[in-house]
Amino acid sequence: MDTLALRLYDEITRIPLVDPHTHIVPTSPASRSLVDLLGYHYFTELAHSAGLAKERIESATGGDLVELLLTHLDGVTNTVQYSWLVEIARTFLGYDSPIVEPRDARDLFERSVSRMSQPGWTEHVFQQTNLDALFLTNDFDDPLEGFDLSRYVPCLRTDDLVFKLDQSSVQQRFSQATGLEPTRLEEGIESLFRHFTSKQARACAISLPPDFSPERPAKSAWSRSLERILSGQGEAEDRQRVSHGVFYLLADRCDDFGLPFDLMIGVRRGVYESGVYQGQDLFDQRTSLDLYRRLFNDKPRVIFPVSVLTHSQNQELASFAWIFPNVVTSGHWWYANIPAYIEADTRARLEAVPATKQIGYYSDAYKLEFVLPKYRMYRRALARVLAEDFVEPKRLSESGAVELGKRLLRDNVREIFKV
Amino acid sequence: MDTLALRLYDEITRIPLVDPHTHIVPTSPASRSLVDLLGYHYFTELAHSAGLAKERIESATGGDLVELLLTHLDGVTNTVQYSWLVEIARTFLGYDSPIVEPRDARDLFERSVSRMSQPGWTEHVFQQTNLDALFLTNDFDDPLEGFDLSRYVPCLRTDDLVFKLDQSSVQQRFSQATGLEPTRLEEGIESLFRHFTSKQARACAISLPPDFSPERPAKSAWSRSLERILSGQGEAEDRQRVSHGVFYLLADRCDDFGLPFDLMIGVRRGVYESGVYQGQDLFDQRTSLDLYRRLFNDKPRVIFPVSVLTHSQNQELASFAWIFPNVVTSGHWWYANIPAYIEADTRARLEAVPATKQIGYYSDAYKLEFVLPKYRMYRRALARVLAEDFVEPKRLSESGAVELGKRLLRDNVREIFKV
Amino acid sequence: MDTLALRLYDEITRIPLVDPHTHIVPTSPASRSLVDLLGYHYFTELAHSAGLAKERIESATGGDLVELLLTHLDGVTNTVQYSWLVEIARTFLGYDSPIVEPRDARDLFERSVSRMSQPGWTEHVFQQTNLDALFLTNDFDDPLEGFDLSRYVPCLRTDDLVFKLDQSSVQQRFSQATGLEPTRLEEGIESLFRHFTSKQARACAISLPPDFSPERPAKSAWSRSLERILSGQGEAEDRQRVSHGVFYLLADRCDDFGLPFDLMIGVRRGVYESGVYQGQDLFDQRTSLDLYRRLFNDKPRVIFPVSVLTHSQNQELASFAWIFPNVVTSGHWWYANIPAYIEADTRARLEAVPATKQIGYYSDAYKLEFVLPKYRMYRRALARVLAEDFVEPKRLSESGAVELGKRLLRDNVREIFKV
């Protein structure tokens, strides 16, 4: 980065973060050792991709696992994911090297255990990360108890309701959570929204396959299909209709309860059947936001923060957010979360979408320590775009550019989700 | 931009323009006030997207409308569209600020009225813009009278004929324009071509939805479907067949009359149903130039300047223009008309397509004042590509690079459209 | 390029190449004159695209053809393909000019004949190119005799078997090559693999259309369809089933014989029907690696070096190679083989895919002289990415970056193909 971009980077790094999408467990937010960090699917899947057998990953523990993974991350030191590990080791473990050497595995593991078990570790990570609050990903039957709601913001994750209602286990969880039979789906869902919003939930969220094309089912067909699904006799057509119907029910409740509905669009689950845990999903570039046209028209008061998986679909996202008042660009998701795409996509969004409608980034982290390196990666890309597209051509002063950065990093999260 | 790119930018800015696609009305080409400028759908749709109710936009007038819109463009000052407004205010209204402040709305409105009503305003804008001539977008029943044909080049726009022949209003306009019943479609279309070419029309043009896949209908099926359509009894299949048939008729006449046929591919109309005027259309990235394979083979003597809506389809466009002698790359259209895509797409085209087959840019402007900022945006991107890809690696001298720029900005328009 | 990138470029240029995909004929690898060079389809198709009639290209010979083509390459001097010609003229013909002037056509032709007919020309080109070995593209019935197997590595190209088995000429070639009736297809294919691997073949390869979606046919359906195909009575459905079946048979044998299976995905053959020789093929961006999901799961021990045709599909490729241990990124193919896409795609791959799973480049050359300019183009892009993404942000030292370059340029080819 040139000196201007570096200055901007330093400035936007001072903006306290509210991370609007993570998978952090609020009762155990930080890692307990390097095992938790290296257990992140990014590392296990890359090690596996580079040749390490899944069985070996799954059977090792503790220092052995750390050594095994570090040894097999040898071929992936080029990746940006690996650079997160290096940044974590440097920032949180005092290990200063561009490569996390396999020979240091035991030492590092011990050091991580000792540091991370100290009282105040979580607080320390929050402060180092300059993190105010973060959003959770809560199953619909999560009691949402035992944690600080001002720091950990609940978010109702609805994949199970939309796509797995034919599973008896999901039906049972539904009954237990709502005290209602699944046949009383609509009432039950409403009670879930009451429960979640009473606990300061600030969003409803779902991930969607590339061919999902929701339309509200006709009432009678919906009832019939729901009945079949719940009695275990649903066909493919019924399953699809119920998915659509539940999806629209959720959108209706988002409308009533004033919750934004995060749509994460394009993931195909279980593509690599023998992949490591959470390392089996991919995507199909043949998808379009046109599939959500009906929805965006039908629910004008619901804000839809939309994430897409491909750089090419980012143009659709920027264009739909440019036209639809209720469509908001949201972060850089998963396979699009690498600098090559982040920077290009950020540039296009800033050129075409109202700044007030852009949620710059979320970490998607499973453990607290990942928030820092991932946001750093984003801020580097953002600083370059602010420098080249705004400050250098004199469209904004440096402080104006920092203000724009603050909007993307913090203000919009607070305003859109009413945090 | 570095100094080399700046020098190239200055040089190519001296090349007089022929703008090969606008929506300018030749009897009222320039704006009469800031209302005309801010009424451009780019601003109304962005203000609406950022939260301003459509009803408020539609009910305000004059200085009130200017104030209303400027106030609500607050959240979109980051966009490149907003930068066009700033350049216009600076160049044509003597207003020198990176933000067009809402508090200056009344003043600016008054100033715009006074400046723009001065005699010679249109001439002034032509000269400031360094603009020789521009292409119009004329309905098929446009009399093409009352304007200077050497400055305003007619272009036969054919969307209505291809997609709306089932509407009785279109049928009536057809009869009035041609003096023929719509049943005598082929003769009528020929007479339109005679009329347009007698008025120096230089192109036929159409915008097409992403799933349009033209094939010439068999004769008997065509007659049957046309009859049904004209008698108001057409089914979806008839409508599609008639669209295909009329489209092929137009291509035939382009062949006979030596007119290039501008294809603007990929727009989906009316996606956002409650959008502001002209702010309802979007696209679907799932389209391919492969859909036009038959056409490009069938009509080898017709030149097809092709515009696409997506950065990803630009690779198809560059590749089809590389292979098919009759396919020409044309400008940077609508949702692809932002610097992030213009620069990347220009680079790819210059690497792969004969320079003689590239129409660098068109403004798509509704009012004359927009030609300048939009071409500036394009020239900045072009200057950077010429600097980095041609002059720095010593493939071209600076004057050679300016010559290449002239080819894209001017020579090709003149040669391809025979202006 | 800045000085750092230039230094890296110089360093990685010293790495001896093993080119893992060419169409070079080992008994006549180098050009005999400028006619062979200009006969490369990249030049004939660009000259044709720029206006030169196919008939004139096909009827001219020798110096006339050289003059004709150079004259008509006038409009394509901007293209990167033209820059290859300039680099060849400079490096191999001692012609130092940024344009290969038509007026020099006769002289250059004579010079090329005289230089290229000198003994040791092939050796000279190998040395200038710093080329150790290259892969061939061999028809299934190639005897693989008469050349040095350590320098020219056979590769079994299988398009004919998969897509043209309904042609009697292919059936006859099969019988002649294997000594078996085509009904004994499985045995015959096995004998081809024995033959090829006995001649040090190191890969099986195929190019595939954008809608190919292989699935292993059920045994009885397969037998029936194969029988129909071989008796000339196959329907479209039979042809597809046989294509799928043969494709899976090949994958099975790759598994048994330990051969990587190069998949080049996305080409549509014969799109421009009147195109020059080898200048008729294009693509359709609407394709996905999701079509190969079943295959990648079914054959975990087969390494699939995958090439794609579009920049947008590169993200799929990087992502599939990130997740599937048996998917490897392979080069920059055909319409994606221009710097605009090479650089962006290289960047994304280096950020997301284990370095050990990336085959950086192959030349796809038909004549030996093209290996040098094409690899130079790639190395320039690679040097820029190494400089900006690795050395500047201090993720790698300069020598570390050169090592990473060596991995992509050489080590992976040797390890993956066991050369």
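Here is what the cut-offs are and how they apply
Residues numbered from 1 in each chain as written. Chains lettered and ligands numbered in written order. Predicted model: local features only at pLDDT ≥ 70, side-chain atom pairs only at ≥ 80, totals over all residues. Heavy atoms only, no water. Helix = DSSP H or I, 4+ residues; strand = E, 2+ residues; numbered from the N terminus. Rg over C-alpha atoms; globule rule 2.2 N^0.38 Å. Buried < 20%, exposed > 50% of the residue type's maximum accessible area, 1.4 Å probe, protein only. Contact = heavy atoms within 4.5 Å. Areas by Shrake-Rupley, 256 points an atom, 1.4 Å probe, with all protein chains shown as cover. Lys, Arg positive; Asp, Glu negative; His and termini not counted. Charge placed at Lys NZ, Arg CZ, Asp CG, Glu CD. Buried area = accessible area lost by both parts, 1.4 Å probe. Salt bridge = Lys/Arg side-chain N within 4 Å of Asp/Glu carboxyl O. Polar contact = N/O pair within 3.5 Å; in protein donor to acceptor, adjacent residues only side chain to side chain. Nonpolar A, V, L, I, M, F, W, Y, C, P; charged D, E, K, R; others polar. Pairing = 2+ DSSP bridges. Least-squares fit on C-alpha atoms with pLDDT ≥ 70 in both. Phe/Tyr/Trp six-rings, centres within 6.5 Å; stacked < 30°, edge-to-face > 60°. Disulfide = S-S within 2.5 Å. Core = buried A, V, L, I, M, F, W, Y, C linked by side-chain atoms within 4.5 Å.

(A) Representation of the overall build of chain A within the structure. A tally of helices and strands in chain A yields 18 helices and 11 strands. For 419 residues, the compact-globule estimate of 2.2 N^0.38 gives 22 Å, and chain A sits close to it at 22 Å. The principal-axis extents of the C-alpha atoms in chain A amount to approximately 65 × 55 × 40 Å. Each of the 419 residues in chain A was classed as buried or not, and the buried ones make up 63%. Long-range pairs, those at least 24 residues apart, make up 74% of the contacts in chain A with a sequence separation of at least 6. Element-wise, carbon and sulfur atoms account for 45% of the exposed surface of chain A, whose accessible area totals about 14,800 Å². Positive and negative charge centroids in chain A, built from 48 and 59 side chains respectively, lie 3 Å apart.

(B) Spatial organisation of the interface of chain A and chain C. Counting from both sides, the interface comprises 38 residues of chain A and, opposite them, 37 residues of chain C. Buried area between chain A and chain C, both sides added, is near 3,000 Å², and the carbon and sulfur share of it is 54%. Of all residues in chain A, A:Ser49, A:Asn78 and A:Gln285 bury the most surface against chain C, accounting for 21% of the area lost on that side. A salt bridge links C:Arg294 to A:Glu273, with the shortest nitrogen-to-oxygen separation between them at 2.7 Å. Taken together, chain A and chain C are joined by 23 residue pairs in polar contact (both at pLDDT 80 or more). Those elements that provide at least two residues to the side of chain A that touches chain C are helix H3 (41–49), helix H6 (80–93), strand S8 (282–283), helix H15 (311–323) and helix H16 (339–352) of chain A. Taken together, the residues of the side of chain A that touches chain C break down into 18 nonpolar, 14 polar and six charged.

(C) A look at the pairing of strand S6 (residues 261–265) of chain B. All names here are of chain B. Here S6 lies mainly inside the structure; five of its five residues are buried. Burial along S6 is two-sided: Phe 261, Leu 263 and Ile 265 and Asp 262 and Met 264, pointing in opposite directions, are all buried. Pairing geometry for strand S5 (residues 203–208) and S6, over five bridges, is parallel. Of the residues in S6, the one forming a bridge with Cys 204 is Phe 261. Across three bridges, S6 lies against strand S9 (residues 304–308) in parallel orientation. The residue bridging Leu 263 from the neighbouring strand is Val 306, located in S9.

(D) Representation of the relation of the copies chain A and chain C. Structural alignment of chain A on chain C gives an RMSD of 0.0 Å, achieved by rotating through 120 degrees and translating 0.0 Å along the axis. These values place the two chain copies in the arrangement generated by a three-fold rotation axis. A low fraction, 11%, of the interface residues of chain A reappear at the interface in chain C, so the copies pair through non-equivalent surfaces.

(E) View of the packing of aromatic side chains. Counted under the stated rule, the structure contains 90 aromatic pairs over all chains. Note on A:Trp322 and B:Tyr335: the rings are 4.7 Å apart at their centroids and 65 degrees apart in plane angle, and the pair reads as edge-to-face. Here B:Tyr335 lies in the loop between strand S10 (327–330) and helix H16 (339–352) and A:Trp322 lies in helix H15, a pairing that spans two chains. Comparing A:Trp322 with B:Tyr335, the two get one shared label, buried. Each ring, one from C:Trp333 and one from C:Trp334, has its centre 5.8 Å from the other, and the planes form 65 degrees; the classification is edge-to-face. For the pair shown, C:Trp333 and C:Trp334 are each scored as buried. One aromatic cluster in this structure is built from A:Tyr40, A:Tyr42, A:Phe43, A:Trp84, A:Phe283, A:Trp333, A:Trp334, A:Tyr335, A:Tyr366, A:Phe370 and C:Trp322.

(F) View of the relation of the copies chain C and chain B. Rotating chain C by 120 degrees and translating it 0.0 Å along the rotation axis places it on chain B, where the RMSD comes to 0.0 Å. Interface overlap between copies is the fraction of interface residues in one copy that are interface residues in the other; for chain C against chain B it is only 11%, indicating separate surfaces.

(G) A look at the pairing of strand S2 (residues 131–135) of chain B. Residue and element names in this part refer to chain B. Among the five residues in S2, four count as buried, and that is most of the element. As judged from the two bridges shared by S2 and strand S3 (residues 152–153), these two strands associate in the parallel manner. By the bridge assignment for S3, Leu 134 is matched with Tyr 152.

(H) Geometry of the interface of chain C and chain B. Taken residue by residue, the interface counts 38 residues in chain C and 37 residues in chain B. Three residues, C:Ser49, C:Asn78 and C:Gln285, lead the burial of chain C against chain B; their summed loss comes to 21% of the area buried on that side. At the boundary of chain C and chain B, one finds one salt bridge. Our count for the chain C to chain B interface comes out at 23 residue pairs in polar contact (both at pLDDT 80 or more).

(I) Just the pattern of salt bridges, in detail. Residue and element names in this part refer to chain A. Counting across every chain of the model gives 112 salt bridges over all chains. With a shortest N-O distance of 3.0 Å, Asp 298 and Arg 294 are connected by a salt bridge. Of the two residues, Asp 298 and Arg 294 are both situated in helix H14 (residues 293–298); the distance of four residues between them amounts to about one turn of the helix. Note on Asp 298: relative accessible area 33%, which makes it partly exposed. Through salt bridges that share partners, Arg 216, Asp 252, Asp 255, Lys 299 and Arg 301 make up one connected network.

(J) Expanded view of the state of the cysteines. Counting across every chain of the model gives zero disulfides over all chains. In this model B:Cys204 remains outside any disulfide bridge; the closest cysteine sulfur is found in B:Cys254, 3.9 Å from its own.

(K) Geometry of the nonpolar core. In terms of nonpolar packing, the biggest core is built from 468 residues, with A:Leu263, B:Leu263 and C:Leu263 touching the most fellow members. With residues up to four places along the chain from it excluded, the contact list for A:Leu263 reads A:Ile206, A:Leu208, A:Phe247, A:Tyr292, A:Leu295, A:Phe296, A:Phe304, A:Pro305, A:Val306 and A:Ser307.

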